[in-house]
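A look at the structure
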Amino acid sequence: MSKAQEDSADSAVQGGKRAGKRVKGSWPVYLIAAIFAGVVAGFISYFFLADSLAALGIPDPGRLTTVGLPFLRGAFWLSLAVAVGSFMVSAFLISPRVPGGDNDRLIEAPLTVDGHVAARTGAWAALVSALIAFLEVPLVMSDVSGTPFFQTLNPQMMGVALSQIATSQVWLVTAIMCVILAIGGFVSRMWAGQPPLLVLSVLCVVPLGMEGHSASGGDHDYGTNTLIWHLVFMILWVGGLIGLIAHARRLGPELPLAVRRYSRLAFIAICAMAISGVINAAIRIEFSDWFTTRYGLIITTKALLTIALGILGLAHRTLTIPQLKHKPQLFRRIAIGEVLVMAATVGVAITMGRTPPPPPRDPNLSAMQIQMGYNLDQPPSVINVWTQFRFDVMFGVIGLGLAAFYAWSVYRLHKRGLSWPVGRTIWWMLGSLGLTLVMSTGIGLYMPAMYSMHMLAHMVLSMVIPLFLVLGAPMTLLMEAYPSGRPGQPTIHDWVVALTKSRALRVITHPAVNLVQFLFFFYALYLNFDLYQVAISEHAGHVIMNWVFLLSGFIYFWEVVGPDPLPHRAPIRVRLLILFFSMPIHLFLGVYLMQLNQILGEEFYLSLNLPWDQDLRNDQRQGGGIAWGFGQFPLVIVFGKLFMEWLREDHSEARRFDAKADIDHDQDLSDYNAMLEQLNKTGDQSVFRQQ
């Protein structure tokens, strides 16, 4: 059957299901939700902004900015939620058209009609988000300078906005990301493109989480990281529900399955939002300020709306999900009401960024607290590096989450009557819990303050933690712990199998590409002095840098020594060659840093005013020595694993030859001897003819 015939058949099936029922578009729901969020944000800002501007000493820029900026931000968050929810539906909540119903061929599956509509909706929503984000650039300039909006549209004012105002820069970055997302949504026709688009749509919120009240003052590392978690789970929660409403109004297939999958995500999201929201608020204001200040009242209102949403979510679980097959309209009605409450919550939350918070609890912040979020009282030592503890809200949570999910998967595997090597579990726990421990103790604490500790943390994040995680074989565990879905209805098992067959993974794990990416990020950071300065002085740069270390190291060791299946794994001799080639180059940079006279990040390190004598040049030499000597640790483990794998492969090949010889009575040896005898006779005859 041709693709056109498949599309026609798919349309016919959907048409048969919808016979006698009215298919409804969802654009009115999107529009009403976006306008509602914008009106709530604009209304609160209009009445609170006068005091905010007076407190900041900024003239009133006019109603177009006063109301327009928060209104458009509310519309932006709802339009981005539509994009996230649409790609969530096309990627994981409904099934694509799997060829022949064989879930092993999921990577080849095109989208169904409903999946295609969802992906197109996500693309249009991303395009709207991009346009709003572009408009926010001059609006922010108007807001912070008190200049009327239309006067900020000249090139000079725009140049100032993009070069000096961090919030305008963040909105520009977000706009570019949304444009890329929109292009991908319009172009992609296959299921394989939908999970990456979902990931990119969620990442669009990260730049916005890096600025605002949470990114400044004491404990700003906690404030920023909790805000990122809050925004990520908020957009997944709101977006997923909007995507489900659209799917239900289209009378799309597999609605009960989609709702059950979303319900699990929604429960996790509301718990994460509640915890991150409470921590974020507790950092910035006292609890008594929740009821006595305008900023606190906004937080209280947002908290009450979140509780209301939790109650509506409980109603879904207890009332609508059991009746989905018989009363799908009940789900749509409650869900639409829930989206409106979500829109109001988003609108309230937006005003927090434009309302001055109460004075900080400690107005006398040190340079370290302003730059890093916390104080360091003494230089690092073997003892205090492991006795100091400050939980890392970003990587500490990820480490604990990875450990818990792995343990749950092993439990599921044992319930299926299967076994799992204890060694792999130990490796994974060393990596995941080690990530939490390293980033929450002295290594993570001193990492932003000293070059030597930065390099030690870099080596651990890129060469130790990833190696341990890779040896835990997470992809293999997921494929064994979760069964394949019904024909044509892929599950986690099938999604992971599709990942191991994807072209993108084939490219990323190609030996040449893998080697280049592992060395590139290492050299790019330390040979570009300006890039290093930005990476250590900005919290966003610090977080991105740590993520790059982890992901780059994981991909490198995954291809070199990982037991998980990959699209194309190089032979052992090639992987050994990569190992012996990459490590000396990696170590050479350590020698270079030990001999470098220019001090990396000197301006930032001096600005911290550490309470002990600083010898920055000597500290940098120590960091170079760590880079030079640390590579020997993973080299021993990786070489040992590859050598054992080589021996097993050699023994396996020998056993195959022996088994074949037993079956055919060593026919290969007989053929070889016959060939030698024939060559010998041919040689004798040639000599006789010459004589």
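Position numbers for residues count from 1 along each chain, tracking the sequence in the order it is written. Predicted model: local features are reported for residues with pLDDT of at least 70 only, side-chain atom pairs are reported and counted for 80 or more only, and whole-chain, interface and lining totals are derived from all residues. Values shown for side chains rest on all heavy atoms present in the structure; no hydrogens or waters enter the calculation.

As annotated in an unreviewed UniProt entry, the chain carries the name Cytochrome c oxidase caa3 assembly factor and comes from Corynebacterium massiliense DSM 45435.

Observations regarding the overall build of the chain
Of regular secondary structure, the chain possesses 30 helices and zero strands. A buried classification covers 51% of the 691 residues belonging to the chain. Contacts are residue-level and defined by heavy atoms, with any inter-residue pair within 4.5 Å sufficient. For the chain, contacts bridging at least 24 residues in sequence account for 80% of all contacts bridging at least 6. Computed with a 1.4 Å probe, the accessible areas rest on the Shrake-Rupley method; for each residue, only the protein chains presented here act as cover. Counting every atom, the chain has about 32,200 Å² of accessible surface; 67% of that belongs to carbon and sulfur. Helical segments are the DSSP runs of H or I of at least four residues, strand segments are the runs of E of at least two, and each set is numbered from the N terminus. A 1.4 Å probe rolled over the protein chains alone gives each residue an accessible area, and that area as a share of the maximum for its type sets the label: buried under 20%, exposed over 50%, partly exposed in between.

Thoughts on the confidence of the model for the chain
A residue's pLDDT is simply how confident the predictor is in it, with values from 0 to 100. Summarising the model, the chain shows a mean pLDDT of 82, and 81% of its residues fall at 70 or more. Taken together, the stretch residues 1-20 has pLDDT below 50 and engages in 14 contacts with residues farther than four places along the chain or on a different chain. Confidence over residues 685-691 falls short of pLDDT 50; this stretch has zero contacts with residues more than four positions distant or in other chains.

Details of the side chain of R261
The topology assignment puts R261 in helix α10 (residues 255-284). This count recognises Lys and Arg as positive and Asp and Glu as negative, with His and chain-terminal groups excluded. Every case where a carboxyl oxygen of Asp or Glu lies within 4 Å of a side-chain nitrogen of Lys or Arg is listed as a salt bridge. For R261, which is buried and forms no salt bridge, the nearest opposite charge comes from E254, at a distance of 6.0 Å.

Some words on the pattern of salt bridges
Overall, the coordinates contain four salt bridges when judged by the stated rule. The closest approach of N and O atoms between E108 and R105, which form a salt bridge, is 3.0 Å. Its salt-bridge partner being D221, residue R390 comes within 2.4 Å of it at the nearest N-O pair. Here the residue R390 occupies a position in the loop between α15 (384-387) and α16 (395-415), and D221 occupies one in helix α9 (residues 220-249), the gap between them amounting to 169 residues. R390 sits in the buried class, given a relative accessible area of 16%. On the basis of relative accessibility, which here comes to 11%, the residue D221 falls in the buried class.

Structural notes on helix α3 (residues 63-93)
Note on helix geometry: an α-helix contains 3.6 residues per turn, so any two residues three or four positions apart are oriented the same way. The span expected for a helix works out to 1.5 Å for each residue beyond the first. Taking 1.5 Å as the rise per residue, α3 with 31 residues should run 45 Å; its terminal C-alpha atoms sit 42 Å apart, in good agreement. Across the 31 residues of α3, 26 count as buried, placing the element largely inside the fold.

Things to note about the packing of aromatic side chains
The rule is short: rings of Phe, Tyr and Trp, with Trp giving its six-membered ring, pair when the centres are within 6.5 Å, and they are stacked under 30 degrees, edge-to-face over 60, tilted in between. In the structure shown here, the tally under the stated rule is 20 aromatic pairs. Consider the rings of F554 and W558, whose centres lie 5.5 Å apart with planes at 45°: the pair is tilted. Here the residue F554 and the residue W558 both occupy positions in helix α25 (residues 539-561), the gap between them amounting to four residues, near one helical turn. Given a relative accessible area of 7%, W558 falls into the buried group. Members of the aromatic cluster, each reached through a chain of ring pairs, are F76, W77 and W171. Over the ring of Y222 we find R390; its NZ or CZ atom is 4.4 Å from the centre of that ring. In this scheme, the term charge over a ring applies when either NZ of a lysine or CZ of an arginine sits within 6 Å of the ring centre and within 35 degrees of the ring normal. The ring of W420 has R424 sitting right over it, with the charged end atom 5.2 Å from the ring centre.

Description of the environment of T65
Structurally, the position occupied by T65 is in helix α3. Residue classification places T65 among the buried residues on the basis of a relative accessible area of 0%. Here the alpha-carbon distance between T65 and F150, two residues 85 residues apart in the chain, equals 9.8 Å. By the criterion applied in these results, polar contacts are pairs of N or O atoms within 3.5 Å in which, for protein atoms, one can donate a hydrogen and the other can accept it, and in which residues neighboring in sequence qualify only through two side-chain atoms. One polar contact links T65 to S142, side chain to side chain, over a distance of 2.7 Å.

Here's the deal with the side chain of E136
Position of E136 among the secondary structure elements: in helix α4 (residues 113-145). Take E136: its relative accessible area is 0%, and that puts it in the buried class. Polar side-chain contacts of E136 include one of 3.2 Å to the side chain of R73.

Some words on the nonpolar core
Core analysis: the largest hydrophobic core is formed by 179 residues, its most contacted members being F76, W77, L78, L376, Y526 and V561. If you tally residues by element for this core, the top one is α9, at 18 residues. Take the buried Ala, Val, Leu, Ile, Met, Phe, Trp, Tyr and Cys residues and link them wherever side-chain atoms come within 4.5 Å; each set so joined is a nonpolar core. I44, L305, A344 and V348 belong to the second-largest nonpolar core, a separate cluster that totals six residues.

Some thoughts on unusual backbone geometry
Even without being a glycine, L251 presents a positive backbone phi close to 60°. Positive phi, normally seen in glycine, also occurs at N609, with a value near 55°. Mapped onto the elements of the fold, N609 is located in the loop between α27 (602-607) and α28 (616-630). What makes N609 exposed here is its relative accessible area of 52%.

Quick word on a nonpolar patch on the surface
The patch calculation keeps residues exceeding 30% relative accessible area without a salt bridge and links them within 9 Å when they carry like charges or within 5 Å when they are nonpolar (Val, Leu, Ile, Met, Phe, Trp, Tyr). On the surface, a nonpolar cluster with roughly 390 Å² of combined accessible area is contributed by L31, I35, V39 and F43. Structurally, the position occupied by I35 is in helix α2 (residues 27-56).

Some words on helix α26 (residues 572-595)
Here α26 spans 36 Å end to end across 24 residues, near enough to the 34 Å set by a 1.5 Å rise per residue. Of the residues making up α26, those classed as buried are I572, R575, L576, I578, L579, S582, M583, H586, L587, L589, G590 and L593.

Overview of the state of the cysteines
In this description, the term disulfide denotes a pair of cysteine sulfurs within 2.5 Å. On inspection of all chains with the given rule, the structure shows zero disulfides. C178 takes part in no disulfide bond, and the closest cysteine sulfur, belonging to C204, lies 4.0 Å away.

Focus on the environment of H454
Of note, H454 is situated in helix α19 (residues 451-471). Every residue in contact with H454, bar those within four places of it in the chain, is listed here: M447, L525, Y526, Y532, M545, F549 and Y605. Polar contacts involving the side chain of H454 include one to the side chain of Y526, which spans 2.8 Å.

Examining the packing of α26 against α28
Packed helix pairs are characterised by how far apart their axes lie and by the angle those axes make with each other. Interaxial distance between α26 and α28 falls to 7 Å at its minimum, and their mutual angle equals 165°. If you check the angle between α26 and α28, you find them roughly antiparallel. Considering how the two elements wind past one another, α26 and α28 form a crossing that is left-handed. Seen from α26, the contacting residues are L587, G590, V591, L593 and M594; seen from α28, they are Q620, R621, G624, G625, A627 and W628. A class-by-class count of the residues in the contact of α26 with α28 yields six nonpolar, four polar and one charged. All axes here are fitted lines through C-alpha atoms, helices being fitted over the stretch that makes contact, and every angle between N-to-C directions spans 0 to 180 degrees. Should an angle lie under 35 degrees it is considered roughly parallel, over 145 roughly antiparallel, and from 65 to 115 roughly perpendicular; all remaining angles are considered oblique. It is the rotation of the near helix from the far one that decides the hand of a crossing: anticlockwise by less than a right angle makes it left-handed, clockwise makes it right-handed. Three classes are used: nonpolar for Ala, Val, Leu, Ile, Met, Phe, Trp, Tyr, Cys and Pro, charged for Asp, Glu, Lys and Arg, and polar for all others, with Gly counted as polar.

Quick look at the environment of V202
The residue V202 is located in helix α7 (residues 194-203) in this model. When its relative accessible area of 14% is taken as the criterion, V202 is described as buried. Expressed as a C-alpha distance, the spacing of V202 and V232, which sit 30 residues apart in the sequence, is 6.4 Å. Sequence-distant contacts of V202, defined by excluding residues within four places in its chain, comprise V84, V232 and L236.

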